[in-house]
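# Structural overview
The primary structure of each chain is shown beneath.
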Amino acid sequence: MGLTNFQNGITSFGVPVFGNLGVGNVYFVGKNTDTVTWRELSKRYAASRYSDGSHVLYSDDGDGLGIQAALDACVDSRNDYVVVTPSSTDYDLTAVLTMSKRDVHLIAPAGMGMKYGAVNAVRLHQNTAATGLIYITGQACEVAGFFLKCATDSKGIYGTACHGVQIHHNMVGMSCTAGSATAFGIYLGPAETVHADIANNFVTCYEPIATGALGGAIQIDNGTRCIVRENLITTGGTGVVAITMTVGIGLGGALTYAFDNRFSEYTVGVFTLGINQNVSGFLAGNEFGMTTAANAINGGTANEYAVRNYESTNGGTLAV
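Okay, so let's go over this structure. On a predicted model such as this, the values are computed, not experimentally measured, just so you know.

## Describing the pattern of salt bridges
- One pass over the full model with this rule turns up 11 salt bridges.
- With its nearest N and O atoms 2.8 Å apart, the salt bridge here joins Asp52 to Arg78. Residue Asp52 is found in the loop between α1 (35-45) and β4 (57-60), and its partner Arg78 is found in the loop between α2 (65-73) and β5 (80-84); the two are separated by 26 residues along the sequence.
- Classification of Asp52 by relative accessible area gives partly exposed; the value is 40%.
- Arg78 is paired through a salt bridge with Asp80; the nearest N and O atoms lie 2.9 Å apart.
- Judged by its relative accessible area of 0%, Asp80 is buried.

## Some details on α1
- What α1 keeps buried is the set Trp38, Leu41 and Tyr45. On an axial view of α1, the arc spanned by its buried residues comes to 65°, and they lie on one face. The exposed set on the far side of α1, more than 90 degrees from its buried face, consists of Thr35 and Lys43.
- Contacts made by the buried residues of α1 are with β3 (26-31) and β4.

## Section: the nonpolar core
- Counting residues in hydrophobic clusters, the biggest one holds 76 residues, and the most contacted among them are Leu124, Ile134 and Ile136.
- If we ignore the near neighbours within four places in the chain, the residues touching Ile136 are Met99, Cys141, Val143, Ile157, Tyr158, Gly159, Thr160, Cys162, Val165 and Ile167.

Criteria and thresholds
- Residues numbered from 1 in each chain as written.
- Predicted model: local features only at pLDDT ≥ 70, side-chain atom pairs only at ≥ 80, totals over all residues.
- Heavy atoms only, no water.
- Salt bridge = Lys/Arg side-chain N within 4 Å of Asp/Glu carboxyl O.
- Helix = DSSP H or I, 4+ residues; strand = E, 2+ residues; numbered from the N terminus.
- Buried < 20%, exposed > 50% of the residue type's maximum accessible area, 1.4 Å probe, protein only.
- Arc of directions from axis to C-beta.
- Contact = heavy atoms within 4.5 Å.
- Core = buried A, V, L, I, M, F, W, Y, C linked by side-chain atoms within 4.5 Å.

Here it is, written out as structure tokens:
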């Protein structure tokens, strides 16, 4: 079977994977200091443009400006993809990456494949103090496959009114010096966000510089029909540096759900609350490794909102 060339720079054996699925333009971003990778990308795409005049390939000096240029080239509602290619070193961002257009996908395919989080093929490091990494205001957007290194006491991925957002298979590494109540690994708010799906992420304090309290791992201030599922959350820290997360998962608004998430306090780390739930939500299959089991779940409607959730002092005894 021979190769078939399709538009958008996609080549496939046999039936096109993307051709019938309404995919718009596919933009590639590479770090120009990675000689071999950039050379191969340049061979394939350097001279290529789409019919709207936009380039297929975007060069990044390692500061994230090439990634942002590719995001800016996307067209609202066209279902465009920005594919960030691997690098042996960090993309040290000098500003927040913004996703303001509808139906845009920011993905790092080389990072995907793990149950929780992402491998470190594409590392985005926020190199500006007290600044988030990725800010989403567009609807039906996607962020997946990245190893994220947050600025000290700051957010990772955050957004507002970004209905239908998908945030999955990311390693979200927070950092703490003094601590901050507004520092969350993934944060949606304060405006309402409808039908978000946050799944298969690994959220932790990756760089515990000093003892402190962070806002938490995942927080949705005002969610409607939002789902948080199959994430692995740990406080992070060391045997000396204690990290407190005020909440593992915070669910505000109406009809928000948390399924099959796992929580772990690392050595001297602490969750003040495991899941803080709203009145009309539902929790199922969540597992908590916490020293204070009574704080595993807070809120919700008694006798209605929780099924098959387990904490470490109830049925969690270690086998000898």
